[in-house]
Structure formats: C-alpha cells, structure tokens
Amino acid sequence: NHTFGSNLFVSGKYAWYGWGYGFDPIGGSSNPGAVDLDNSNAYGSYVTAKCTKAWHLLDVSGSAFATAGGANHEFKFGFGYNRRPSDSLTHYSGDQIFGLHFGPGDEAAQVWRDRVVSSIGQYTDLYFGDTISKGALTINAGVRWDRQTAQNLSSVAPANPAFPTLL
C-alpha cells in the first residue's frame, strides 16, 4: 500500500500458493489390490492420488480523488492477473492390475496405467470507475474487462508394467 499525496492511494498484492493435496493407500503403493464382491472383502491397496498447484496471483488497485466543475470525483481503478496451473497423478497400486471376484468361477481383472493430467487457467481483469458527487446527486459509472482462459496441457503417462503394449 502506498499513499501518493492526499489524492492518490494505490495497493498492490502478489501471492504464490504452492499447494496441493494427495492420498496414499494405507498398505503402500507397491501392494496390489483386489475386491471380493461375493464376500464383501477388499484386499491390498488401490490408488495413490497427488495434485500440485503452483498459483500466482497479482492485484493492483487504487483510488484517486479530484474536484472539477463543482463536483467531487472518486476514481477507482485496478488490474488483476491469476495464473493457475494444475498437475495431477493417479497411480494404481502394485502391478496396476486390480482383481475382482464376483463369485465362484467368476473373476476378472482391471488393467490400469497411471493417469497424468496437466492444465492451466489464466484470469485477467482491468477496471476503471468514477463516483461523481455534486450536492444531493451521486452518479456511478465504470467499465470492466475480464478474460478467462483454460487449457489442457500435454502430458505423458508411463505404460502399464505388466502389459506395456496394451496400455
């Protein structure tokens, strides 16, 4: 924050959020998993999930005060920019083959590979406004421009270790 005399005040903020979250299976990611739907039992481990987000946020805003033509003016202006990348990984435990038992002689396996996703969102805004006061009359006028974009980025997922030509 800075006051440039009695008629101009400007505030600038920058923030970086290096955050994320994740989930690890209790049995560890090297332990393969299976579910016995016939007997309502689950075995081993299932999935690890990790998501990282390194966000950058910038905001500059201000107010300026002036008197002209017998009216008071309060000008408000600002600019904002947010860059929000996101990277996520879903890793299936063990050899990435999950067993399913539905009943005697009815078994199947789900074959997985890692899921790797990267994306980015960017948000930009710009505004300017004036509050004009003269006697009992007050007029607010302003303009604002916003732009929001998002896209999926290229990413690479390794092959399934047991079936590399399949997945």
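Please refer to the structure higher up on the page.
None of the values given here were measured: they were computed from a predicted structure.

Novice: Would you explain unusual backbone geometry in this entry?
Specialist: Note: most residues except glycine have negative phi, and most peptide bonds are trans. Its identity as a non-glycine residue notwithstanding, Ser-40 has a phi of 55°, on the positive side. Of note, Ser-40 is situated in the loop between strand E3 (34-36) and strand E4 (41-43). Unusually for a residue other than glycine, Gln-96 sits at a positive phi of about 65°. Residue placement: Gln-96 occurs in the loop between strand E6 (71-92) and strand E7 (97-103).

Novice: What's the story with the packing of aromatic side chains in this structure? I'm lost.
Specialist: Aromatic ring pairs are described here by two measures, namely the spacing of the ring centres and the angle between the planes. The full count for this structure, using the stated rule, is seven aromatic pairs. Ring plane angle 65° and centroid distance 4.9 Å describe the contact between Tyr-46 and Phe-98, whose orientation is recorded as edge-to-face. Of the two residues, Tyr-46 sits in the loop between E4 and strand E5 (47-68) while Phe-98 sits in strand E7, which places them 52 residues apart along the sequence. Assessed through its relative accessible area of 12%, Phe-98 is described here as buried. Cation over ring: Arg-84 sits above Trp-55, and NZ or CZ is 4.4 Å from the ring centre.

Novice: How should the environment of Gly-62 be read in this particular structure?
Specialist: With respect to the helices, strands and loops of the structure, Gly-62 is situated in strand E5. Of the residues examined, Gly-62 reaches a relative accessible area of 9% and is grouped as buried. Here the alpha-carbon distance between Gly-62 and Phe-9, two residues 53 residues apart in the chain, equals 5.4 Å.

Analysis parameters
Residues numbered from 1 in each chain as written. Predicted model: local features only at pLDDT ≥ 70, side-chain atom pairs only at ≥ 80, totals over all residues. Heavy atoms only, no water. Helix = DSSP H or I, 4+ residues; strand = E, 2+ residues; numbered from the N terminus. Phe/Tyr/Trp six-rings, centres within 6.5 Å; stacked < 30°, edge-to-face > 60°. Buried < 20%, exposed > 50% of the residue type's maximum accessible area, 1.4 Å probe, protein only. Lys NZ or Arg CZ within 6 Å of the ring centre and 35° of its normal.

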